[in-house]
Amino acid sequence: GESVGLHLPTLSVQEGDNSIINCAYSNSASDYFIWYKQESGKGPQFIIDIRSNMDKRQGQRVTVLLNKTVKHLSLQIAATQPGDSAVYFCAENVGNSGYALNFGKGTSLLVTP
Amino acid sequence: EAGVTQSPTHLIKTRGQQVTLRCSPISGHTSVYWYQQALGLGLQFLLWYDEGEERNRGNFPPRFSGRQFPNYSSELNVNALELEDSALYLCASSSGQGSEKLFFGSGTQLSVL
């Protein structure tokens, strides 16, 4: 079946730098995308979402970009902090799946001082 | 306001046994979702309940089942446990009003020996 995937399993950045986490999706019917952050021992925490009728959405220190032409999603974190160290998941929702988000495998972000 | 709560936090079972996991959604949320997160894998969708009814099911065998109670809390039952059932089981809730944004609990870590 179609799936959501991530380009890089691990990402190491220095504190203060910007981070970019990429995600590819293959289902052209996906109309909603969401990023989650999961810290060790905790459940995934919502970061930001975007619908397919948008190509960019900004939150506090985070920006999600959606390129439907190449089926690519990215999460940008500005001025990365040690507290940003976690596993980041992108997820997609296909309209006819009953709001069951399909998750990628995750990217581990490590912020070094 | 309390988030999604799950119990127990950890569980150890042996092959062939049965297990029941419990979840209480955020107050006011009517939809409950169950996901399995095995080591090294992403979140795999198990079940979705809304207003007491099973709305959708992931690609899991029938020995994975559940239910939702009138107060919207939910149980996940797994019969005839197998070693590969060892995973973190995550429950999430949403308002169920066309909202795909899921709020996750911290999960139940199940180990099958």
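Please refer to the structure higher up on the page.
Parameters and conventions
Residues numbered from 1 in each chain as written. Chains lettered and ligands numbered in written order. Predicted model: local features only at pLDDT ≥ 70, side-chain atom pairs only at ≥ 80, totals over all residues. Heavy atoms only, no water. Disulfide = S-S within 2.5 Å. Helix = DSSP H or I, 4+ residues; strand = E, 2+ residues; numbered from the N terminus. Buried < 20%, exposed > 50% of the residue type's maximum accessible area, 1.4 Å probe, protein only. Contact = heavy atoms within 4.5 Å. Buried area = accessible area lost by both parts, 1.4 Å probe. Salt bridge = Lys/Arg side-chain N within 4 Å of Asp/Glu carboxyl O. Polar contact = N/O pair within 3.5 Å; in protein donor to acceptor, adjacent residues only side chain to side chain. Nonpolar A, V, L, I, M, F, W, Y, C, P; charged D, E, K, R; others polar.

Q: What's the story with the state of the cysteines in this structure? I'm lost.
A: By definition, a disulfide links the sulfur atoms of two cysteines through a covalent bond. Residue and element names in this part refer to chain B. Summed over all chains, the structure comprises 2 disulfides over all chains. In this model Cys23 forms its disulfide with Cys91; the gap between the sulfur atoms is 1.8 Å. One quick way to see it: the torsion about the S-S bond of Cys23 and Cys91 is about -65°, and its sign makes the bridge left-handed. Here Cys23, found in strand β3 (residues 19-24), pairs with Cys91, found in strand β9 (residues 87-94); they are 68 residues apart in sequence, far enough to count as distant. Exposure remark for Cys91: the relative accessible area of 0% places this residue in the buried category.

Q: So what exactly am I meant to see when it comes to the interface of chain B and chain A here?
A: Put simply, an interface is often sized by how much accessible area is lost when its parts join up. Between chain B and chain A, the residue contacts involve 19 residues of the former and 21 residues of the latter. Both sides of the chain B and chain A interface together cover about 1600 Å² of buried area, and 58% of this is carbon and sulfur. It is Leu43, Glu100 and Lys101 of chain B that lose the most area in chain B upon contact with chain A, and together they represent 35% of the buried surface on that side. Counting across the interface, chain B meets chain A through 0 salt bridges. There are 3 residue pairs in polar contact (both at pLDDT 80 or more) connecting chain B and chain A. Listing elements by their share of the side of chain B that touches chain A, those giving two or more residues are β4 (31-37), β5 (43-50) and β9 of chain B. Counted by class, the side of chain B that touches chain A contains 10 nonpolar, 7 polar and 2 charged residues.

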